[in-house]
Amino acid sequence: MNILAPLLTAALAAGPATPTAVWESCDQWGNWEPGDGYIVYNNIWGSGAGSQCIEADSGSRWSVTADHPNTGGIKSYPNAKWIVGEPISAIDSLSATYDVTVPSTGAYNTTFDLWDDDYDHEIMLWLNWTGPVGPLGTQVGTATLGGHTWDVYTGSNGSNNVYSFLRHGDSSRGEIDLVPILDWITAQGWMSASEVIGDVQFGYEITSSAGGLTFTTNNFEVNEG
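Because the structure is a prediction, the values reported are computed rather than measured.

With respect to the overall build of the protein chain
Item 1. Scanning the protein chain from N- to C-terminus turns up two helices and 15 strands.
Item 2. Principal-axis analysis of the C-alpha atoms places the extent of the protein chain at approximately 80 × 40 × 30 Å.
Item 3. Within the protein chain, contacts between residues separated by at least 24 positions form 67% of all contacts whose residues are at least 6 apart in sequence.
Item 4. Carbon and sulfur atoms form 51% of the exposed surface of the protein chain, whose accessible area is close to 10,500 Å².

A few points about the pairing of strand β7 (residues 94–101)
Here is the key point about a regular strand: its side chains alternate between the two faces of the sheet.
Item 1. Among the eight residues of β7, seven are classified as buried, and the element is accordingly described as predominantly covered.
Item 2. Across eight bridges, the pairing between β7 and strand β15 (residues 213–224) is antiparallel. Bridge assignment links V100 to a residue of β15, and that residue is T217.
Item 3. Relative to strand β13 (residues 173–177), β7 runs antiparallel, the two being bridged by five bridges. Its bridge partner lying in β13, D99 is registered against R173.

Quick look at helix α2 (residues 178–187)
Item 1. Residues of α2 that are buried include every one of L178, V179, I181, L182 and I185, and no others. Down the axis of α2, the buried set is contained in an arc of 165°. They therefore lie on one face.
Item 2. Of the residues flanking the start of α2, the one acting as N-cap is D177, its side-chain oxygen 3.2 Å from the backbone nitrogen of V179.
Item 3. The positive-phi residue at the C-terminal boundary of α2 is G189, with phi of around 85°.

With respect to the environment of T149
Item 1. Looking at the element boundaries, T149 is found in strand β11 (residues 148–156).
Item 2. A relative accessible area of 26% means that T149 is categorised as partly exposed.
Item 3. For the pair T149 and I83, spaced 66 residues apart in the sequence, the C-alpha separation amounts to 26 Å.
Item 4. Setting aside its immediate chain neighbours within four residues, T149 contacts T142, A143, T144, L166, R167 and H168.
Item 5. Of the polar contacts made by the side chain of T149, one reaches the side chain of T144; its length is 2.9 Å.

Focus on the sheet that holds strand β4 (residues 51–56)
Item 1. Overall, antiparallel pairing links the six strands, which are arranged β1-β4-β5-β15-β7-β13 in an open sheet. In the strand order of this sheet, the two ends are held by β1 (23–25) and β13, each with one partner. Strand-to-strand, the axes of this sheet are offset by a mean angle of 20°, without reference to chain direction.
Item 2. With respect to the sheet, α2 is in contact with β7 and β13, its orientation differing from that of β13 by roughly 45°.

Details of the nonpolar core
Item 1. Counting 46 residues, the largest nonpolar core has L94, F112, I123, L125, F165, I176 and I181 as its most contacted members.
Item 2. Ignoring any residue separated from it by four or fewer positions in sequence, one finds F112 in contact with Y77, A96, Y98, I123, M124, L125, L127, I176, V200, Q201, F202 and F220.
Item 3. W126, Y153, V162 and L166 belong to the second-largest nonpolar core, a separate cluster that totals five residues.

The rules we used
Residues numbered from 1 in each chain as written. Predicted model: local features only at pLDDT ≥ 70, side-chain atom pairs only at ≥ 80, totals over all residues. Heavy atoms only, no water. Helix = DSSP H or I, 4+ residues; strand = E, 2+ residues; numbered from the N terminus. Contact = heavy atoms within 4.5 Å. Areas by Shrake-Rupley, 256 points an atom, 1.4 Å probe, with all protein chains shown as cover. Buried < 20%, exposed > 50% of the residue type's maximum accessible area, 1.4 Å probe, protein only. Pairing = 2+ DSSP bridges. Arc of directions from axis to C-beta. Polar contact = N/O pair within 3.5 Å; in protein donor to acceptor, adjacent residues only side chain to side chain. Axes fitted to C-alpha atoms, helices over the stretch in contact; angles between N-to-C directions. Core = buried A, V, L, I, M, F, W, Y, C linked by side-chain atoms within 4.5 Å.

Shown next, in the form of structure tokens:
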């Protein structure tokens, strides 16, 4: 009797096993530098948060499972970031690609977060969002920049200025040229061209995810010229 044949057939039908993550953490401030230029950060920073665990194969591929209650207020911003460290005037080429799988329930937004090195200015690029979430401040216009069309909002959280760009239509995969966005902001007089961009972050600003929801970054890459 050939026992190996049915066992092999069953294994092939089941498909390949999911690889074990290289790194994982459920710590509030858990972070990891995989050596590819990125830093992955669990970042549970808001009040009233529940549990959240992050796992990663690299800075470009990672996922987070969060179980935050259905209450208001941002609970976390799990993300990966790339450090730039250049003034806007010196940045000739800076773009980013993204590919995500996100839940259809909960309250969250998928967003890029660009900061100056002093953390006085925050540029948020909202790609998709679900539930009762919204940007700070008031809408000041609409702009087509970096390959996308955005509704633009300005406001302050009391610690820094916030410039929010909300994409027209949800997007789970694409590329953004960040240079035209930075140049447009300086043209408005909101930031100086000598302002140093500290880092480019990408992740999920989660308000609620009761029962446990998973957010998967299939790919995230920053490309500098």
